[in-house]
Amino acid sequence: MKTLRRFFRVVVLMTSLTGCLFKEPVFEQGFSKIDPALNGVWASEGENGDPRKMEFAVCAPLDDDRYVLNHPSAEKGALFYEARLVKVQDRSLLQLRLLASFNDGVPKADAERYTLLWLEKGPAGSGLKVRALGGDGVKEKGPAEVKRLLEAAGTDWNTLFGEAVVYRKLKDK
């Protein structure tokens, strides 16, 4: 889980990890307007520096406060999410709701399909660190308890989220 590419790989893995996905959203209100800086095509560094192993993600505005996120783009295992930005303790999170996957289609109504990503912008637009929910601190916890942990001043977020994956934004055409 080194870059945004890994971030999305983590998201794919999270679909099978019950500690990382929830049937209900963690946040139901308090969402921010979209950040235009997140719009576009993003690429992770290739595994072990190999550019042939880069992963891509596409983030596009859906309306004033929601994005459509596709990852890994251009692959048969692609996932489509509704993403909503929320600020918690001066940190940026994306709450993801799985909309569909290339392999499985639309999830059933009672499926576990919500998760969170922690976004950290690099200095002067140098990239985006993405960390998926799924650390040891969230095992066996439900969305309400995860929300309480995120909002508590003394919580070590490193125990709640996995390793960072760095993505770089590709230039728009």
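Provided above is the structure to which this section pertains.
Here's what I pulled together on the structure shown here. Because the structure is a prediction, the values reported are computed rather than measured. (Residues numbered from 1 in each chain as written. Predicted model: local features only at pLDDT ≥ 70, side-chain atom pairs only at ≥ 80, totals over all residues. Heavy atoms only, no water.)

Pairing analysis gives five bridges linking strand S2 (residues 56-63) to strand S3 (residues 66-71), with the strands arranged antiparallel. Residue pairing for S3: Val 58 is matched across the bridge by Asn 70. Between the antiparallel neighbours S2 and S3 lie two residues. Summarising the sheet, S3 and strand S4 (residues 79-88) pair through five bridges and their orientation is antiparallel. Each residue of the ladder has a partner; that of His 71, found in S4, is Leu 79. (Pairing = 2+ DSSP bridges. Helix = DSSP H or I, 4+ residues; strand = E, 2+ residues; numbered from the N terminus.)

The sheet contact formed by strand S1 (residues 40-44) and S2 spans four bridges and is antiparallel. The residue bridging Trp 42 from the neighbouring strand is Ala 57, located in S2.

Inspection of the entire model under this criterion finds eight salt bridges. A salt bridge links Lys 147 to Glu 151; the nearest nitrogen and oxygen atoms lie 4.0 Å apart. Residue Lys 147 and its partner Glu 151 are located together in helix H2 (residues 143-151), separated by four residues, close to a single helical turn. Given the relative accessible area of 28%, Lys 147 is considered partly exposed. On the basis of relative accessibility, which here comes to 44%, the residue Glu 151 falls in the partly exposed class. (Salt bridge = Lys/Arg side-chain N within 4 Å of Asp/Glu carboxyl O. Buried < 20%, exposed > 50% of the residue type's maximum accessible area, 1.4 Å probe, protein only.)

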